[in-house]
Amino acid sequence: MSTSIDIRSVTKTYHRGGEALRVLDELELQMAGGTFYALMGPSGSGKTTLLNLIGGLDHADSGEVLVGDEDLTQLDGSALAQWRAENVGFIFQGFNLLPVLSARENVELPLLLAPLSKRQRREQAERALELVGLQDRMDHKPRELSGGQEQRVAIARAIASDPQIILADEPTGDLDRTTADSVLELLQRLNRELDKTILMVTHDPQAASYAGKVIHLDKGKLGRIDDNTAAARN
Amino acid sequence: MPWKLLFRNVLGHPMRSVLTIGSVAVAVFLVCILHAVTAGLRSTVSAASADRLLVQSAVSLFVDLPLSYQQKMAGVPGIEAICKWQWFGGRYEQDKGGFFQQFGIDTDTFRTSYPEISLIDGSYEEFVKNRTACLIGTELAEKYDWRVGQTVPITGTIYQRTDGKAWEFLVAGIYESSSPSIDQQTLWFHFDYLHESLEAGGASGPEGVGVYMLRMAKGTDPISVQRTVDAMFENGPQRVNTTTEAEFNRQFVSMLGDVPSLLQMVGGAVLFAIFFAVLNTMIMAGRERTRDLGIMKAIGFTDRTTALLLVGESVLVCSLGAAVGILGGLLLEKPFQAAMSSFIPAFAFDKNTLLLGAAIALGTGLISGLVPGWRAARLTTVQALREVG
Ligand SMILES: Nc1ncnc2c1ncn2[C@@H]1O[C@H](COP(=O)(O)OP(=O)(O)OP(=O)(O)O)[C@@H](O)[C@H]1O
Ligand SMILES: [Mg+2]
């Protein structure tokens, strides 16, 4: 069963030096489970803010953030932490990995929060690394990996505990075209083969073309939603 | 708790960790040494016998008293025995750097007045019988490999022999002291031998007595004896100051200047400096890990876990420092003891000293970890990722 996301009249305002900046303005947005979404929009339009709200990293000022059957606005800090551990995998633009841990140990990190034996953790982490094609780099430290490999380890970590939702904030922002394409193909595969709900922020139309649907955000309001399912499938 | 991450964080900066561990180790070592010194000095004072009084010149310990005083004091009620002590200040030429004290004493009253001294070799009778005999402490015997029956040459500095040679003392016994107020490396010889040599012109030097020890009968009020003796020589030729042995030891210790307080002050200042150095290091380490902590929180680790990660790191580093410091202290205890035994016979690490060192290290670790830990707990992922991302 895949998880849908329902944003109901969400407002988020930042205050800076007495000035109020309304980043999300009574936003309404429904996202179906098991779909790969790209989120686009000009810089400062509130993409990261929205992603953080859906990932339970930040609180909305008003409105409801429904992920699956959970209303995140009703959860407190430690409940949110636990919810994140069970339901979301994050991929950020860069420096996703803890530098002192090996690739395998980085991937095992979220599994420490699950009731697994040491062996189960190891096996699950290795399976995730195999899935992203890094079975021969498991014992490398992040600084011994290329940027693309690092992002693939980050993806392995995001899927290690088998969450239903993957949130990625410009995951290919630092990568060259070919490397970016392989990472995007990987995300696409996770969506198609494992039925993950993916929300990926990107500035790059070509990256967005890997997604099934492209959401456009502008000044805290929802713009159009493009459906490129037909194009992407072919 | 991701223990592996905690250890890796420590190992990830080997230089920084080693330096921090090193400074904590130095601090703990310092605490152990200083504590042992002050405790040792204190126990020297408190181990003093209650039934012994000491009479010295009211001017200074370095001014001798006339020989005739003994006769006069013998009449004071409550005094059971008197033993002269005269500082000889000689040197054993074979060991230029070594220092130990020699005293001329009265052989007839010495033994009964100092029950804490027992002979482990030789005999007191031989010592009494032989005019040039001496008693030596076990540490002296060990250090120079001196045995009973051997003659040891001591060069006089205050008392020079007219033939220009060294004084020769025959070792008649080796003693052991059960009290920290008497060390294990003193040489005692006949006061009379020195006195007679001076009288006969065999040697030159000041004649007199440095200190008279008065042993009181049981039940005697020391204050009244003190007053009587002090009053007796009120009008000279030398005014005296009579003190309990404890007070005398205290004065002797403070002759070194107020070493204990000075040491403690310096030690306290060093501890303070090291505390801030460790705190600063941990705050830096915490800042460096801002992004790591943000990522961990995004993954689902709680504020508490991320804070504990920093506290744990700090406590771990400081505990390692404490372990190294205590180990170093234990290894160096013996050499230190040997070096200081002539003026702090009771120098030793007790359990409390080690516990104190460990407690200071743990406290430092805890506080130094809590400061960045507190910040880590309040940091939100969003802030953490924006700060460096
Ligand atoms: N903690 C904060 N305090 C004040 N203002 C903030 C804070 N976080 C974000 N903002 C502001 O909110 C607005 C939206 O930020 P957000 O990061 O969501 O934009 P974005 O669409 O992700 O932009 P980009 O494409 O540049 O990443 C920006 O103008 C930003 O400056
Ligand atoms: Mg952004």
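Going by the structure above, here's the rest.
This structure is a prediction, so every number in the text was calculated from the model and none was measured.

Conventions used here
- Residue positions are counted from 1 within each chain, in the order its sequence is given.
- For this description, chains carry letters from A and ligands carry numbers from 1, given in the order in which they are written.
- Predicted model: local features are reported for residues with pLDDT of at least 70 only, side-chain atom pairs are reported and counted for 80 or more only, and whole-chain, interface and lining totals are derived from all residues.
- Only hydrogens and water are set aside; all other atoms, that is, all heavy atoms of the structure, feed into the side-chain values.
- Any residue with relative accessible area above 30% and no salt bridge may belong to a patch, with like charges joined within 9 Å and the nonpolar Val, Leu, Ile, Met, Phe, Trp and Tyr side chains within 5 Å.
- Shrake-Rupley sampling with a 1.4 Å probe provides the accessible areas, and residues are treated as covered by the protein chains on show and by no other component.
- One speaks of a salt bridge when a side-chain nitrogen belonging to Lys or Arg is within 4 Å of a carboxyl oxygen belonging to Asp or Glu.
- The helix and strand labels rest on DSSP assignments: H or I over at least four residues marks a helix, E over at least two residues marks a strand, and numbering proceeds from the N terminus.
- For every residue, the accessible area (1.4 Å probe, protein chains only) is compared with the maximum for its type, and the residue is labelled buried under 20%, exposed over 50%, or partly exposed between those bounds.
- Here the nonpolar core consists of buried residues drawn from Ala, Val, Leu, Ile, Met, Phe, Trp, Tyr and Cys, with membership extended through side-chain atoms lying within 4.5 Å.
- A pair of strands is treated as paired once DSSP finds two or more bridges between them.
- A contact between two residues is defined here by any heavy atoms of the two lying within 4.5 Å.
- Contacts described as polar in this section are N or O atom pairs within 3.5 Å, which, within protein, must combine one atom able to donate a hydrogen with one able to accept it, while residues neighboring in sequence count only if both atoms come from side chains.
- Pairing of aromatic side chains requires ring centres within 6.5 Å, counting the rings of Phe and Tyr and the six-membered ring of Trp. Pairs whose planes differ by under 30 degrees are stacked, by over 60 edge-to-face, and all others tilted.
- Two conditions define a charge sitting above a ring: the NZ of Lys or the CZ of Arg must be within 6 Å of the ring centre, and it must be within 35 degrees of the ring normal.

A closer look at a nonpolar patch on the surface
All names here are of chain B.
Okay, step 1: Together, Ile283, Leu366, Ile367, Leu370 and Val371 line one region of the surface with nonpolar side chains, adding up to about 390 Å² of accessible area.
Okay, step 2: Here the nonpolar patch gets four residues from one element, more than from any other, and that element is helix H13 (residues 351-378).
Okay, step 3: The class of leucine 370 is partly exposed, set by a relative accessible area of 47%.

Re the nonpolar core
Okay, step 1: Counting 48 residues, the largest nonpolar core has Ile7(A), Leu50(A) and Ile54(A) as its most contacted members.
Okay, step 2: Counting 38 residues, the second largest nonpolar core, distinct from the first, contains Leu97(A), Val183(A), Ala208(A) and Ala211(A).

Comments concerning the sheet that holds strand E1 (residues 5-16) of chain A
Residue and element names in this part refer to chain A.
Okay, step 1: Pairing within the open sheet is antiparallel, and its four strands lie in the order E2-E1-E4-E5. Here the strands that pair on one side only, and so sit at the sheet edges, are strand E2 (19-31) and strand E5 (70-71).
Okay, step 2: Bridging between strand E4 (residues 62-67) and E5 involves two bridges; their strand directions are antiparallel. Note on E5: the bridge partner recorded for valine 67 is glutamate 70.

Looking at helix H2 (residues 77-87) of chain A
Okay, step 1: When we look at burial in H2(A), the residues that qualify are Leu80(A), Ala81(A), Trp83(A), Arg84(A) and Ala85(A).
Okay, step 2: Lining the buried residues of H2(A) we find helix H1 (47-54), E4, E5 and strand E6 (88-91) of chain A together with helix H11 (290-299) of chain B.

What about the pattern of salt bridges?
Residue and element names in this part refer to chain A.
Okay, step 1: Under the definition given, this model contains 30 salt bridges over all chains.
Okay, step 2: Arginine 137 is paired through a salt bridge with aspartate 136; the nearest N and O atoms lie 3.7 Å apart.
Okay, step 3: Of the residues examined, arginine 137 reaches a relative accessible area of 28% and is grouped as partly exposed.
Okay, step 4: A network of salt bridges, in which partner residues are shared, links Arg104, Arg122, Glu126 and Asp139.

Some words on the side chain of Thr202(A)
Residue and element names in this part refer to chain A.
Okay, step 1: Among the secondary structure elements, threonine 202 is positioned in the loop between strand E8 (197-201) and helix H7 (205-208).
Okay, step 2: Looking at threonine 202, the relative accessible area reads 4%, which means it is buried.
Okay, step 3: Of note is the side chain of threonine 202, whose polar atom sits 3.0 Å from the backbone nitrogen of aspartate 204.
Okay, step 4: Residues contacting threonine 202, with those up to four places away along its chain left out, are Ala38, Leu39, Met40, Glu170, Ala207 and Ala208.

Quick notes on the packing of aromatic side chains
Residue and element names in this part refer to chain B.
Okay, step 1: Counted under the stated rule, the structure contains 25 aromatic pairs over all chains.
Okay, step 2: For the pair phenylalanine 110 and tyrosine 114, a centre-to-centre distance of 5.2 Å together with 35° between the ring planes defines the contact as tilted. Summarising the burial analysis for this pair, phenylalanine 110 and tyrosine 114 share the class buried.
Okay, step 3: Taken together, the ring pairs connect Trp85, Trp87, Phe103, Phe110, Tyr114, Tyr175 and Trp188 into an aromatic cluster.
Okay, step 4: Taking the ring centre of tryptophan 167 as reference, the NZ or CZ of arginine 161 above it sits at 5.5 Å.

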